[in-house]
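Structural features, examined
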Amino acid sequence: MIVKVRTLPRKLIQTEAILRRLQPPDHPKRPIIEKDLKKRKAGYNGEKAVDYHLSFLTDKKYMIFNDLKLPLAPDYFQIDSLLVTPHYSLPIEIKNIPGTLTIDPEFNQLSKHYHGIETGYPDPITQAKRQMLFLQKWFYNNKLPCPPIEFLVVFINPSTILRMADGHRLISPYDKMIHAQNLVSEISKLNAKYNGEENEIIDLKKTKRLLLNQHQEHHSSVLTTYQLQEADLIKGVLCEQCTRVMTRMTGTWYCPHCRHSSKTAHFQAIDDYFLLIKPTITNRELRDFLLLPSRRTAATILQSLNMNGSKKGVFYTQSF
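For clarity, every value in this text was computed on a predicted model and none was experimentally measured.

Quick notes on the sheet that holds strand β10 (residues 177-179)
Taking strand neighbours across the sheet as the criterion, the 6 strands line up as β1-β2-β3-β4-β8-β10 in an open arrangement whose pairing is mixed. Pairing within the sheet leaves two strands with one partner each, and these edge strands are β1 (2-4) and β10. This sheet shows a mean twist of 35° between the axes of neighbouring strands, independent of strand direction. When strand β2 (residues 63-72) meets strand β3 (residues 75-84), the two strands line up antiparallel, connected through 9 bridges. Within β3, the residue paired with L70 across the bridge is F77.

Structural notes on the pairing of β3
Where a strand is regular, its side chains alternate between the two sheet faces. Of all 10 residues making up β3, 7 are buried, and the element is well covered by its neighbours. Connecting the antiparallel pair β2 and β3 is a turn made up of 2 residues. Pairing between β3 and strand β4 (residues 89-95): 4 bridges, direction antiparallel. Residue L83 lies in a different strand from β4, and its bridge partner there is L90. Between the end of β3 and the start of β4, which pair antiparallel, lie 4 residues.

Some details on helix α9 (residues 295-304)
Those residues of α9 that fall on the buried side of the exposure criterion are A298, I301 and L302. Looking down the long axis of α9, one finds its buried residues gathered within 95° of arc, a one-sided arrangement. Looking at α9, the residues exposed on the side facing more than 90 degrees away from the buried face are R296, Q303 and S304.

Quick notes on the packing of aromatic side chains
Throughout the structure, instances matching the rule amount to 6 aromatic pairs. Between the aromatic rings of Y52 and F56, the centroid separation amounts to 5.2 Å while the plane-to-plane angle is 85°, which identifies the pairing as edge-to-face. With a centroid separation of 6.0 Å and an interplanar angle of 85°, the aromatic rings of Y273 and F274 are classed as edge-to-face. In this structure F274 comes out as buried when scored by relative accessible area, which is 4%. Connected via pairs of aromatic rings, a cluster forms that spans Y273, F274 and F289. One residue, K69, lies across the ring of Y76, its end atom 5.1 Å from the ring centre.

Quick word on empty space enclosed by the protein
Counting across every chain of the model gives 1 cavity of 30 Å³ or more. Approximately 40 Å³ is the volume attributed to the largest cavity. Lining the largest cavity, in full, are I79, P91, I92, E93, A128, Q131, F151 and L152. Contributions of two or more residues to the lining of the largest cavity are made by β4 and α3 (124-141). Here the lining of the largest cavity takes 3 residues from β4, the largest share from any one element.

Some remarks on the nonpolar core
Among the nonpolar cores identified, the biggest contains 19 residues, and L54, L83, L90, V154, L183 and I187 are the most heavily contacted of them. Listed by contribution, the elements that provide at least two residues to this core are α2 (30-54), β4, β8 (152-155) and α4 (183-193). Residue contacts for L183: discarding those within four places in its chain leaves V50, H53, L54, I92, L152, V154 and I178.

A short note on the sheet that holds strand β11 (residues 247-249)
The strand order β11-β12-β13 describes an open sheet built from 3 strands, whose pairing is antiparallel. Two strands bound the open sheet, and with one partner strand each, they are β11 and β13 (261-262). Of the strand pairs in this sheet, β11 and strand β12 (residues 252-254) are connected by 3 bridges, and their pairing is antiparallel. Paired with M249 across the strands is T252, a residue of β12.

A few points about the environment of Y52
Looking at the secondary structure, you find Y52 in helix α2. Placed 101 residues apart in sequence, Y52 and V153 show a C-alpha to C-alpha distance of 16 Å.

Comments concerning unusual backbone geometry
With omega at 5°, the peptide bond leading from A73 into P74 counts as cis. By the secondary structure assignment, P74 is in the loop between β2 and β3. Omega for the bond connecting S172 with P173 falls within 30 degrees of zero, at 5°, which places this linkage in the cis form. Tracing the backbone through its elements, the reader meets P173 in the loop between β9 (161-164) and β10. The backbone of N108 shows a phi angle near 50°, a positive value even though the residue is not glycine. By the secondary structure assignment, N108 is in the loop between β5 (100-104) and β6 (109-114). Note on N108: relative accessible area 41%, which makes it partly exposed.

Definitions and limits used
- Residues numbered from 1 in each chain as written.
- Predicted model: local features only at pLDDT ≥ 70, side-chain atom pairs only at ≥ 80, totals over all residues.
- Heavy atoms only, no water.
- Pairing = 2+ DSSP bridges.
- Helix = DSSP H or I, 4+ residues; strand = E, 2+ residues; numbered from the N terminus.
- Axes fitted to C-alpha atoms, helices over the stretch in contact; angles between N-to-C directions.
- Buried < 20%, exposed > 50% of the residue type's maximum accessible area, 1.4 Å probe, protein only.
- Arc of directions from axis to C-beta.
- Phe/Tyr/Trp six-rings, centres within 6.5 Å; stacked < 30°, edge-to-face > 60°.
- Lys NZ or Arg CZ within 6 Å of the ring centre and 35° of its normal.
- 1 Å grid on protein atoms, 1.4 Å probe; cavity = no way out; pocket = protein on both sides within 12 Å on 5 of 7 lines; lining within 4 Å.
- Points joined across faces, edges and corners; volume = space filled by probe spheres on them.
- Core = buried A, V, L, I, M, F, W, Y, C linked by side-chain atoms within 4.5 Å.
- Contact = heavy atoms within 4.5 Å.

In structure tokens, the structure reads:
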């Protein structure tokens, strides 16, 4: 049973927003951001592919949490997918890497050979083990009985070839690296392994409540990431048809370039502000970002969107 559904990553949505508004069109950072967007989309699509396989686990004994970010002082740790059963838990690390992948246990390194180019990556088993230890500590910190914790590294591209470096055999823990189509069968093996447990080890209800309550959404400044300023962004309400800046005319947004009109085009612009600038907005900041001359019009827009606002025009925050 899927308890926490995977949604579009905020970082991906932020990246799309910054590309919408980045100026000029030939900005030197644009190719870098476009490349990052491609990677983030590929990563998200890969995670959705794993979700498809996990969707076959319909028994109520399974709880599936996707894209978890949990506190562990002094920071947080992230799990792509977490499967919790009464007898064990299973963090799943998801990888979308094409090509021929060679794992070298001596150097804890993964090498990718793709289109004649060799690229090195950190050992995914070391990464997954670290997540397993973090999860173990999370159980202890929350005074929950710590269950047996397994892990899997799942590669979602069916054309990816996995192999060990010369002189090394596939032995544990590297047999935990699998293709996505083998995920359910590996979980069946774990079920058989822990079938002899007489009592339930995990308090499913309490674990579910704590995981959902402690999950933190991903918030970061995408402008800071790319060392950009607000001056690098196009302000105004962008036309839904031609993406140029629209003007406000008697309750409607009008595009003088393609003559498209819309009453709701400002929705995306306000979302862009929250994604790119900050999580709060004042009437003045709204007027500045939407290029609105009227304070009253700005107030009407904020009130119509059911913003969480403090009294007398201090600031508004987005309602989620």
